[in-house]
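Fold and geometry: a report
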Amino acid sequence: MGSTQTITGLSSTSNSRWARGCDAIARGWLWNFLLIFLGSASSVVYPHPPLVSFATIAGATLTCKKAAIATMAIWLVNQVYGYSLRDYPRTSESIAWGVIIGLGTLLVTLLASLKPKFSREKIGGHFLWLGVSFVGGFILFEGLILLTGIFPGISHNLTPAILMRLLIKESIWIVPLALAHMFLVRRSQIVS
């Protein structure tokens, strides 16, 4: 008996109810739109939006291609908003930081997109992977920032206190995003 591949990578014959709901959300437009809208709007609130949170949730809940497009759209809106309304300095160092942040966002998205099998079958596995990819993504993103800061002409002061504030900000965003995704998945299960 042939098996049809789904967005989450499981065959339709072995799909759990959770996986089917996640698949429906990943294929639809609503969740993708909400992530891009909220991520873009976060640039109004923060000069440095919670890119790790959006990259993690997008990577863990959308197809890899949709997730990359969504997170790069959020990053691009932040850059346009920053260089226009926030009046970021138009220097080579500022542009380099923008590129590094974009690269970090994309790498976190790709990490979360790995979605091991346990993360696709049940809600507990999904939340476990979300936590693991969030922490790993935060370390990857901030590690890239720290590593970049060693190059001449590119400086960044990243103290433990700043890192803690960044982690708290990212955590404040990832939790409601994860809960919103869970709500949409549960809602899709009721409708279907």
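A brief report on the enclosed structure follows. Here the structure is a predicted model, which is why all the values come from computation and not from measurement.

Rules used in this analysis
- Residues numbered from 1 in each chain as written.
- Predicted model: local features only at pLDDT ≥ 70, side-chain atom pairs only at ≥ 80, totals over all residues.
- Heavy atoms only, no water.
- Helix = DSSP H or I, 4+ residues; strand = E, 2+ residues; numbered from the N terminus.
- Buried < 20%, exposed > 50% of the residue type's maximum accessible area, 1.4 Å probe, protein only.
- Areas by Shrake-Rupley, 256 points an atom, 1.4 Å probe, with all protein chains shown as cover.
- Expected span 1.5 Å × (residues − 1).
- Contact = heavy atoms within 4.5 Å.
- Salt bridge = Lys/Arg side-chain N within 4 Å of Asp/Glu carboxyl O.
- Phe/Tyr/Trp six-rings, centres within 6.5 Å; stacked < 30°, edge-to-face > 60°.
- Lys NZ or Arg CZ within 6 Å of the ring centre and 35° of its normal.

Turning our attention to the overall build of the chain. Regarding its fold elements, the chain presents eight helices and zero strands. Each helix and strand of the chain, placed in order from N terminus to C terminus, yields the pattern α-α-α-α-α-α-α-α. Expressed as a percentage of the 192 residues in the chain, the buried residues total 45%. When the accessible surface of the chain is split by element, carbon and sulfur atoms take 73% of a total near 10,000 Å².

Let us now look at helix 4 (residues 64-84). For helix 4, with 21 residues, the first-to-last C-alpha span of 30 Å sits near the 30 Å given by 1.5 Å per residue. For helix 4, the set of buried residues is Ala-67, Ala-68, Ala-70, Thr-71, Ile-74, Trp-75, Asn-78, Gln-79, Gly-82 and Tyr-83. Residues of helix 4 that are buried in the fold lie against helix 2 (30-45), helix 3 (51-61) and helix 5 (92-112).

A few words now on the pattern of salt bridges. With the rule as written, the count across this model stands at three salt bridges. One salt bridge connects Asp-87 with Arg-90, and the closest N-O pair in it is separated by 3.5 Å. Given the relative accessible area of 60%, Arg-90 is considered exposed. For the salt bridge of Glu-121 with Lys-117, the shortest nitrogen-to-oxygen distance reads 3.8 Å. Highlighted residues: Glu-121 and Lys-117, both in helix 6 (residues 117-121), separated by four residues, approximately one helical turn. Look at Glu-121 and you get partly exposed, because its relative accessible area is 29%.

The next thing to look at is the packing of aromatic side chains. We describe a pair of aromatic rings using the distance from one ring centre to the other and the angle between the two ring planes. By the definition in use, this model includes five aromatic pairs. Here Phe-54 and Trp-173 contribute two aromatic rings whose centre-to-centre distance is 5.4 Å and whose plane-to-plane angle is 50 degrees, an arrangement assigned as tilted. Here Phe-54, found in helix 3, pairs with Trp-173, found in helix 8 (residues 160-191); they are 119 residues apart in sequence, far enough to count as distant. For the pair shown, Phe-54 and Trp-173 are each scored as buried. Each member of the aromatic cluster is reached from another via a ring pair, and the members are Trp-29, Phe-33 and Phe-37. A cation sits over an aromatic face here: Lys-169 above Tyr-46, 5.0 Å from the ring centre.

Purely spatial values, then, with no claim about function.
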